[in-house]
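Observations on chain architecture
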Amino acid sequence: MPILYTTKASATGGRAGRAVSENGVLDVTLTVPKELGGDGATGTNPEQLFAAGYSACFLGALKFVAGKEKVKIPDDATVTATVGIGPREDGTGFYINPSISVNLPGVDRDVAEKLVAAAHIVCPYSHALRTATEIPATLA
């Protein structure tokens, strides 16, 4: 399948550093949350960035499937992604624990549930998480 869009972002300093997109529009200070041993400095972290990307992508997928079904998604619809992080049981690293919550005011509950289920299939974040997509890691 053809790739329709590609972008890049780079981080320096790890969880306490900076992340910048290739076009410079995204330029954020990264800080470690107190819960992970950080000092609580102002900034963002990978989990917040993941939650923001996932929620925006899922809402886009929701609008896509709703359009096919001729259902209007209300302007005040929200998708909230919650992303937790913790140590893996095998002690070899960490895992993330994402979830999605959708608010579709004014949309019939049965219709909304069908749209959310369809969006969960369409959304590339959901697909990658569900299928354990292999991610190449190479040395530059």
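Our focus in this paragraph is a nonpolar patch on the surface. Side chains of Leu36, Ile85, Phe94, Ile96 and Leu129 sit close together on the surface and give an oily, nonpolar patch of about 420 Å² of accessible area. Tracing the chain through its elements places Ile96 in strand S5 (residues 94-103). You can call Ile96 partly exposed: its relative accessible area is 36%.

Attention now moves to the side chain of Asn45. Structurally, the position occupied by Asn45 is in the loop between strand S3 (27-29) and helix H1 (46-68). The exposure class assigned to Asn45 is buried, which follows from its relative accessible area of 9%. At 2.9 Å, the side chain of Asn45 and the backbone nitrogen of Gln48 are in polar contact. Residues contacting Asn45, with those up to four places away along its chain left out, are Leu30, Thr31 and Pro33.

For Lys70, which is not glycine, the phi torsion reads 60° and is therefore positive. Structurally, Lys70 can be placed in the loop between H1 and strand S4 (78-87). On the accessibility criterion, Lys70 (75% relative accessible area) is exposed. The residue Ala132 is not glycine, and still its phi comes out positive at about 50°. Summarising the element assignment, Ala132 is placed in the segment after helix H3 (124-131).

With ten bridges joining them, S4 and S5 adopt antiparallel strand pairing. Each bridged residue has a counterpart across the sheet, and for Thr80 the counterpart in S5 is Ser101. Counting the residues between successive antiparallel strands, the hairpin from S4 to S5 contains six residues, one of them, Gly91, with a positive phi of roughly 75°.

Here we come to the environment of Val20. Structurally, Val20 can be placed in strand S2 (residues 18-21). Judged by relative accessible area, which is 22%, Val20 ranks as partly exposed. As for Val20 and Pro33, which are separated by 13 residues in sequence, their C-alpha atoms are 19 Å apart. The residues contacting Val20, other than those within four sequence positions of it, are Lys8, Ala9, Ser10, Leu26 and Asp27.

Let us now look at the sheet that holds S3. Taken in spatial order, the three strands line up as S1-S2-S3 in an open sheet, and their pairing is antiparallel. Strands with a single pairing partner mark the edges of an open sheet, and in this sheet they are strand S1 (9-12) and S3. In this sheet, adjacent strand axes meet at a mean angle of 15° when their direction is disregarded. Looking at chain direction, S1 and S2 are connected through four bridges and run antiparallel. Within S2, the position partnered with Ala9 by the bridge is Ser21.

Parameters at a glance
- Residues numbered from 1 in each chain as written.
- Predicted model: local features only at pLDDT ≥ 70, side-chain atom pairs only at ≥ 80, totals over all residues.
- Heavy atoms only, no water.
- Patch = residues over 30% accessible without salt bridge, like charges linked within 9 Å, V, L, I, M, F, W, Y side chains within 5 Å.
- Areas by Shrake-Rupley, 256 points an atom, 1.4 Å probe, with all protein chains shown as cover.
- Salt bridge = Lys/Arg side-chain N within 4 Å of Asp/Glu carboxyl O.
- Helix = DSSP H or I, 4+ residues; strand = E, 2+ residues; numbered from the N terminus.
- Buried < 20%, exposed > 50% of the residue type's maximum accessible area, 1.4 Å probe, protein only.
- Polar contact = N/O pair within 3.5 Å; in protein donor to acceptor, adjacent residues only side chain to side chain.
- Contact = heavy atoms within 4.5 Å.
- Pairing = 2+ DSSP bridges.
- Axes fitted to C-alpha atoms, helices over the stretch in contact; angles between N-to-C directions.

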